[in-house]
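So the chains spell out like this:
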Amino acid sequence: DRAAELYEMVRACQLCALAATRTRAVPGEGPLDAEVMCIGEAPGVNEDKQGRPFVGAAGQFLGELLAAAGLTREQVYICNVLKCRPPGNRNPEPEEVACCEPFLRRQVELVAPRIVLVMGRFAAQSLLRTDASIASLRGRVHRYAAGEREVPVVVTYHPAYLLRNLGDKAKAWADLCLARRVLQDAIAEDGPSRGPETRTDGP
Ligand code: URA
């Protein structure tokens, strides 16, 4: 299917220098009909080893945040802006983001979530193509174009940041509430199913 094809392309990708230093590429995971998509920055050391996103301490905490919002990790599609780990967890380079961007856009197109929660300054700035701070991006709904859709995007802090700055947890909770509100409004407007045209894997 289309997702398997995409994951294969990610695993075989040699477009940037990170291909030479990665252990495993981390395409992302979750149901293709997920209503919520969480996007982080890039794989860390644990993710690089396992080939799965958010499996370390930040992932554990992400699971707790989702649970507080009434979601399980299994319901949510989880991926990163970058599919390969930058050595030593350095910040991603612009050309690495540019190489990876078509994968991310295709993922958003395939999953067609009702809401994207983008986590952390780097991921938010990359996705929304802005230099604005998290503080100024939070609290409103942005749009991300993927295929024929404009997906609503809510910005929040990165779970790894929240683990180090527990004082900002209340703000993250407010962001999750905003995301949940956008989700519920979309369900109220479009009905519980988005129709076969976005759900088929056919030609
Ligand atoms: N941090 C991220 O941004 N992504 C992961 O997958 C893990 C930690």
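Since the model is a prediction, treat every value here as computed from it, not as a measurement.

### Some details on the packing of helix H1 (residues 2-12) against helix H5 (residues 94-111)
And then number 1: Direction vectors running N to C along H1 and H5 enclose 165°, while the axes themselves pass 11 Å from each other. Judged by the angle between their axes, H1 and H5 are roughly antiparallel. Handedness of the crossing formed by H1 with H5: left-handed. Seen from H1, the contacting residues are Arg-2, Ala-3, Leu-6, Tyr-7, Met-9 and Val-10; seen from H5, they are Phe-103, Arg-106, Gln-107 and Leu-110.
And then number 2: Of the residues that constitute the contact of H1 with H5, the class distribution is 7 nonpolar, 1 polar and 2 charged.

### Focus: unusual backbone geometry
Residues apart from glycine generally show negative phi values, whereas peptide bonds are mostly found in trans.
And then number 1: Of note in the backbone geometry, Phe-54 takes a positive phi value of approximately 50° without being a glycine.
And then number 2: Turning to its location among the elements, Phe-54 is positioned in the loop between helix H3 (45-50) and helix H4 (57-68).
And then number 3: On the basis of relative accessibility, which here comes to 6%, the residue Phe-54 falls in the buried class.
And then number 4: With a phi close to 50°, Arg-129 is a non-glycine residue in the positive phi region.
And then number 5: Among the secondary structure elements, Arg-129 is positioned in the loop between helix H6 (121-128) and helix H7 (134-137).

### Points about the layout of surface pockets
And then number 1: Here the largest pocket defines a volume of roughly 580 Å³.
And then number 2: For the lining of the largest pocket, the secondary structure elements donating two or more residues are H3, H4, H6 and helix H8 (159-164).
And then number 3: Of the residues belonging to the lining of the largest pocket, the class tally is 11 nonpolar, 9 polar and 5 charged.

### Re the sheet that holds strand S1 (residues 36-40)
And then number 1: A sheet is described by the order of its strands in space; here 5 strands give the open sequence S2-S1-S3-S5-S4, paired in mixed fashion. Unpaired on one side and paired on the other, strand S2 (77-80) and strand S4 (142-146) mark the two borders of the sheet. On average, each strand axis in the sheet is tilted by 30° relative to the strand beside it, whichever way the strands run.
And then number 2: Here 5 bridges tie S4 to strand S5 (residues 149-156), and the two strands are oriented antiparallel to one another. In the strand pairing of S5, Ala-145 is matched with Glu-150.
And then number 3: Contacting S1, strand S3 (115-119) and S5, helix H9 (residues 169-190) crosses the sheet at an angle of about 160° to S5.

### What to know about the site of the ligand
And then number 1: Close to the ligand lie Gly-40, Glu-41, Ala-42, Glu-47, Pro-53, Phe-54, Asn-80 and His-158.
And then number 2: In isolation the ligand exposes 240 Å². Once the protein is present, 90% of that is buried.
And then number 3: If you map the ligand onto the pockets, it falls in the largest pocket.
And then number 4: Of the residues contributing to the shell around the ligand, the split by class is 3 nonpolar, 3 polar and 2 charged.

Rules and cut-offs
- Residues numbered from 1 in each chain as written.
- Predicted model: local features only at pLDDT ≥ 70, side-chain atom pairs only at ≥ 80, totals over all residues.
- Heavy atoms only, no water.
- Axes fitted to C-alpha atoms, helices over the stretch in contact; angles between N-to-C directions.
- Helix = DSSP H or I, 4+ residues; strand = E, 2+ residues; numbered from the N terminus.
- Parallel < 35°, antiparallel > 145°, perpendicular 65-115°, else oblique.
- Left-handed = near helix turned anticlockwise from the far one by under 90°.
- Contact = heavy atoms within 4.5 Å.
- Nonpolar A, V, L, I, M, F, W, Y, C, P; charged D, E, K, R; others polar.
- Buried < 20%, exposed > 50% of the residue type's maximum accessible area, 1.4 Å probe, protein only.
- 1 Å grid on protein atoms, 1.4 Å probe; cavity = no way out; pocket = protein on both sides within 12 Å on 5 of 7 lines; lining within 4 Å.
- Points joined across faces, edges and corners; volume = space filled by probe spheres on them.
- Pairing = 2+ DSSP bridges.
- Near = heavy atom within 4 Å.
- Areas by Shrake-Rupley, 256 points an atom, 1.4 Å probe, with all protein chains shown as cover.
- Sits in = over half its atoms within 2 Å of the grid points.

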